[in-house]
Amino acid sequence: MEDLKKYIAEHPFFENMIPEYLDTIVGCASNVRFNAGDFLFREGQTANQFFLIRHGKVTLEIYVPSRGPFIIETAEAGDVLGWSWLFPPYRWHFDARVQELTRAIAMDATCLREKKEADPALGYNLMQRFARVMEQRLQATRLQLADVYGNPVAHSR
Amino acid sequence: MLPQVDPMLPTLYQIEKVTKETEDTFTLALNPAQTDGLPPFQPGQFNMLYIYGVGEVPISISGDPAIPRTLVHTTRAVGTVTRAMKQLKKDQQIGIRGPYGSHWPVTEAIGDDIVLVAGGIGLAPLRPALYQVLAMRERFGKVVLLYGTRTPEDILFKKELENWRKRFDLEVYVTVDRATGNWYGNVGVVPSLIPKAPFDPHQTTAMICGPEVMMRFTVHALQNRGMATQNIYVSMERNMKCAIGLCGHCQLGPTFICKDGPVYRFDVIERLFDKREL
Amino acid sequence: MCSEKGKGEAMFTIDVSAFDDLLSAIKAKGYALLGPTIRDRVVVYDQISGSKDLPIGWSDRQEGGTYRLNKRKDQAFFGYSVGPQTWKKFLYPDHLKLWEAHSDGSRIEIEPATPESRRYALIGIRPCELAALAIHDRIFLEGPYLDPHYQALRADTFLLAVNCTEPGGTCFCHSMGSGPAVKQGFDLALTEIVENDDHYFLVNPGSDRGAEILQEVVYHEATAEETARAEKALSDAEYRMGRYMDIDNIRELLYRNLEHPYWEEIAKRCLNCANCTLVCPTCFCSTVEDSTDLSGASASRTRMWDSCFTSQFSYIHGGSVRQSAMARYRQWITHKLASWQDQFGTSGCVGCGRCITWCPVGIDITEAVWALRESEGETRREKTQLTGV
């Protein structure tokens, strides 16, 4: 339990989290380990967790029929993965495929949802952290969308 | 004032080798056709390459400044001239003028951590800087190369990147904007590599080359890490006809990219960077 | 080039009848005479053989988008202001072959075009045009790279300047500090006086060779009355110009307003026709064109005037950096009035007014500056409150 709390406190996602909140959320945490080829989650499944990646590499993919998986983003040590647990219908929208041995902290969604409802200040704190991540991802996605390296001739007029 | 030679006259070089890098990019290695070649170059400088009867274009030098006799240029076949260039064969001749413009501040950065951030074809103008850094590796702190392309197929200098990656004194991170399932590397935009890259923001010189949008976002990410704009350098691009400050084409605000650029310290052009259509 | 000798020294007077002797003396030294003459109802610059080719007895009316020649009541030799052409057409030709190349398919041979030397005498060059010439000298001869063609064409130019006592409706050289009287950089400077039955020129030698030429004609030391009349004609001219511009901190004014809504207003009218850049005596942008003959055995490269108002001007792979008319006008005026100062240490505008006259829709550089100033809360000052620098 103390190890788990230490891992959470050290993860960039929970940077500067006050000890009182850490004590609360550690009850929802568990250590997980995945091998290459495993999935942290798959599209359509119920989203009842999110992951703090401690080690390894995970790709977030969308499966395109007849073309196979299309990689949207990679997550590595220090990254957080999964926010579909925040809003109903609590369903994953992408596949998270493990590329190499990955260690992570899994945070149980049902447990966390209860705690943040019970303590709105904690809920606000959590939402702020997720909002920040979402903002960064959205910015990166928009930049990807701009296709800045695309063949300029094909794009002109 | 320079000696009385016509600065618009190219010096003849002949093709030593044409290497296909990706679907639309290639590298030319050229040696002087006569004994005298052009003066040595600094990393980040460019030459004007003339294809007989077709035209002349500015292309940055992507070779090793320690081997100045052989000129190496990597470019993308996007216009009439570069498409004709792609068809060149060994021993064919082209005309070259140069080297022109400002350079990456490699020697000025001695003692610092070095962060090179390249996007797409932007790795080509940064490669000479990396060569120069590696040639005196012990005089720098951490050296980090962050490189982003559109897809894994667009990655330049793959063999060399693999070799750089194997070094213990060089951190290489490659990312692509999009990939399919058989890519095991990173997917995401270059600026997203910056928060985790190992360098001391207060003791770093950053050199960025890529599309303007990518450079803009990269500068923001570096600033978020706490870097000061006077330690950030970018390489700019504009239309260029003469490369000697006389044709007026390459103006960027009060500067001429051919002589005040292409490499600028970011704080010098910061005021112009967010103005549209300047 | 020209020394400042003679400036502030004794002035001389020649009768109008001695003017052709002056030209003959210049010609005898081996100079080709170039000067104003009328063609297609405008004053242009071309080869002249004597005063008979000058637009004697003509004046002009110039306004935004308007140019008309009118008959004068007198027979003044220089009673008009500048027309659409500038002297750059001789010293910086609109088309110039830079070199030729030959190829057998793999090997190339490049044959430089030898710069052509010319000895031009520019007869009737105006103060604003002398200022423009000095600007081109600075650009083409004093940079890290020089233009050997300009150097050869400009190596020996005789400058017979004429002060402006008859400024045009779009002139504002006084605001820009370049006229109406020449300050330096000439061989001989004339001030024409035509009053009642008097018709003579005050002559100010600006160089040794100018003084030598003067020795070849009949002259006398100017009387106090003659000098006073010339001085009065020139000081009157300062306030008879149709336009004026406040250049106080103009560089900062432009840089501050790169994103001003006024540019959009101008863009609605601007046709991107490039007239302003073609008639501008300081505009120097050029492009190059590479071509081959049909067999491909020889190729050449030609330098041509270019304009920042064209869409190709800022083209980089994929598109033009300056897509809009707004951006192109802003580039042009900001270059002229602001960034030119950073690049070459002078204003890029000499106040000749050509860009106003020859703009088909009458866009006015002086109005643009006032508009920016007024938007910042300044009130437009009267002509008399502004003086040249």
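Residues numbered from 1 in each chain as written. Chains lettered and ligands numbered in written order. Predicted model: local features only at pLDDT ≥ 70, side-chain atom pairs only at ≥ 80, totals over all residues. Heavy atoms only, no water.

### Considerations on the overall build of chain A
Across its full length, chain A carries five helices and six strands. Listed by position from the N terminus, the elements making up chain A come as α-α-β-β-β-β-β-β-α-α-α. If you line up chain A on its principal axes, its C-alpha atoms span 55 × 30 × 30 Å. Within chain A, the fraction of its 157 residues that count as buried is 45%. Intrachain contacts of chain A at a sequence separation of at least 6 include 75% that bridge at least 24 residues. (Helix = DSSP H or I, 4+ residues; strand = E, 2+ residues; numbered from the N terminus. Buried < 20%, exposed > 50% of the residue type's maximum accessible area, 1.4 Å probe, protein only. Contact = heavy atoms within 4.5 Å.)

### Considerations on unusual backbone geometry
That bond from Pro88(A) to Pro89(A) is cis: its omega, 5°, falls within 30 degrees of zero. In this structure, Pro89(A) sits in the loop between β5 (80–81) and β6 (95–108). Of note, the amide linkage connecting Gly179(C) to Pro180(C) takes the cis form, showing an omega dihedral of 5°. Locating Pro180(C) in the fold gives a position in the loop between α5 (173–176) and β10 (188–195). Unusually for a residue other than glycine, Asn16(A) sits at a positive phi of about 60°. Relative to the assigned elements, Asn16(A) resides in the loop between α1 (2–10) and α2 (19–25). The exposed category is assigned to Asn16(A), whose relative accessible area is 69%. Positive phi values are uncommon outside glycine, yet Tyr90(A) reaches one of about 50°. Mapped onto the secondary structure, Tyr90(A) falls in the loop between β5 and β6.

### Quick look at the packing of aromatic side chains
Enumeration over the complete set of coordinates arrives at 39 aromatic pairs over all chains. A ring pair is formed by Phe34(A) and Phe51(A), whose centres lie 5.9 Å apart and whose planes are at 75°; its orientation type is edge-to-face. Here the residue Phe34(A) occupies a position in strand β1 (residues 29–34), and Phe51(A) occupies one in strand β3 (residues 49–64), the gap between them amounting to 17 residues. Taken individually, Phe34(A) and Phe51(A) each receive the classification buried, so the pair is uniform in this respect. Over the ring of Phe157(B) we find Arg127(B); its NZ or CZ atom is 3.8 Å from the centre of that ring. One cation-aromatic arrangement involves Arg126(C) over Tyr80(C); the distance from NZ or CZ to the ring centre is 5.6 Å. (Phe/Tyr/Trp six-rings, centres within 6.5 Å; stacked < 30°, edge-to-face > 60°. Lys NZ or Arg CZ within 6 Å of the ring centre and 35° of its normal.)

### Some points on the pairing of strand β9 (residues 171–176) of chain B
Residues and elements named next belong to chain B. When strand β8 (residues 143–149) meets β9, the two strands line up parallel, connected through six bridges. Residue Thr149 lies in a different strand from β9, and its bridge partner there is Val176. Handedness of the crossover joining β8 and β9 through helix α3 (residues 158–166) is recorded here as right-handed. Bridge analysis of β9 against strand β11 (residues 186–187) gives two bridges, and the strand direction is parallel. Paired with Thr175 across the strands is Asn186, a residue of β11. (Pairing = 2+ DSSP bridges. Right-handed = clockwise from strand over helix to strand, strands pointing away.)

### So, the nonpolar core
Ranked by internal contacts, the top residues of the largest apolar core, which has 91 residues, are Leu146(B), Ile208(B), Val234(B) and Met236(B). With eight residues, helix α3 (residues 127–141) of chain C is the largest single contributor of residues to this core. Setting aside anything within four residues of it in sequence, one finds Met236(B) in contact with Glu212(B), Met215(B), Leu252(B), Ile257(B), Pro262(B), Tyr264(B), Ile269(B) and Phe273(B). Of all hydrophobic cores here, the second largest spans 41 residues; its members include Cys28(A), Leu81(A), Leu112(A) and Leu122(A). (Core = buried A, V, L, I, M, F, W, Y, C linked by side-chain atoms within 4.5 Å.)

### Details of the domain arrangement of chain C
Residues and elements named next belong to chain C. Split by domain assignment, chain C resolves into domain 1 (12–92 + 113–238) and domain 2 (250–283 + 313–385). With centres defined by C-alpha atoms, the gap from domain 1 to domain 2 works out at 27 Å. Counting residues at the interface gives 28 residues for domain 1 and 26 residues for domain 2. For the pairing of domain 1 and domain 2, the buried interface totals around 2,000 Å² over both sides, and the portion due to carbon and sulfur atoms is 63%. Interface area lost by domain 1 to domain 2 is led by Lys88, Ile135 and Phe172, which between them contribute 25%. At the junction of domain 1 with domain 2, the criterion picks out one salt bridge. Counting across the interface, domain 1 meets domain 2 through 18 residue pairs in polar contact (both at pLDDT 80 or more). (Domains from an automatic or database assignment. Buried area = accessible area lost by both parts, 1.4 Å probe. Salt bridge = Lys/Arg side-chain N within 4 Å of Asp/Glu carboxyl O. Polar contact = N/O pair within 3.5 Å; in protein donor to acceptor, adjacent residues only side chain to side chain.)

### Let's talk about the state of the cysteines
Taken as a whole and judged by the stated rule, the model has one disulfide over all chains. Here Cys28(A) engages in a disulfide with Cys111(A); their sulfurs sit 1.8 Å apart. Between Cys28(A) and Cys111(A), the S-S dihedral sits near -70°, and the bridge is therefore left-handed. Note that Cys28(A) is positioned in the loop between α2 and β1 and Cys111(A) in helix α3 (residues 109–118), a separation of 83 residues in sequence. Cys111(A) carries the same exposure label as Cys28(A), and that label is buried. Here Cys276(C) is not disulfide-linked; the sulfur of Cys273(C) is the nearest cysteine sulfur, at 6.3 Å. (Disulfide = S-S within 2.5 Å.)

### Concerning the side chain of Ser307(C)
All names here are of chain C. By the secondary structure assignment, Ser307 is in the loop between β14 (298–305) and β15 (315–316). Residue Ser307 is classed as buried on the basis of its relative accessible area of 4%. Side chain to side chain, Ser307 and Thr277 meet in a polar contact 2.8 Å long.

### Quick notes on the layout of surface pockets
Taken as a whole, the second largest pocket encloses approximately 1,300 Å³ of empty space. Around the second largest pocket, the lining is made up of 41 residues, and of these Asp79(A), Gln136(A), Ser192(B), Pro195(B) and Lys196(B) lie nearest the centre. Those elements that provide at least two residues to the lining of the second largest pocket are β4 (68–76), β5 and α4 (120–146) of chain A together with β11 and α4 (212–224) of chain B. Looking at which element gives the most residues to the lining of the second largest pocket, the answer is α4(A), with 10 residues. (1 Å grid on protein atoms, 1.4 Å probe; cavity = no way out; pocket = protein on both sides within 12 Å on 5 of 7 lines; lining within 4 Å. Points joined across faces, edges and corners; volume = space filled by probe spheres on them.)

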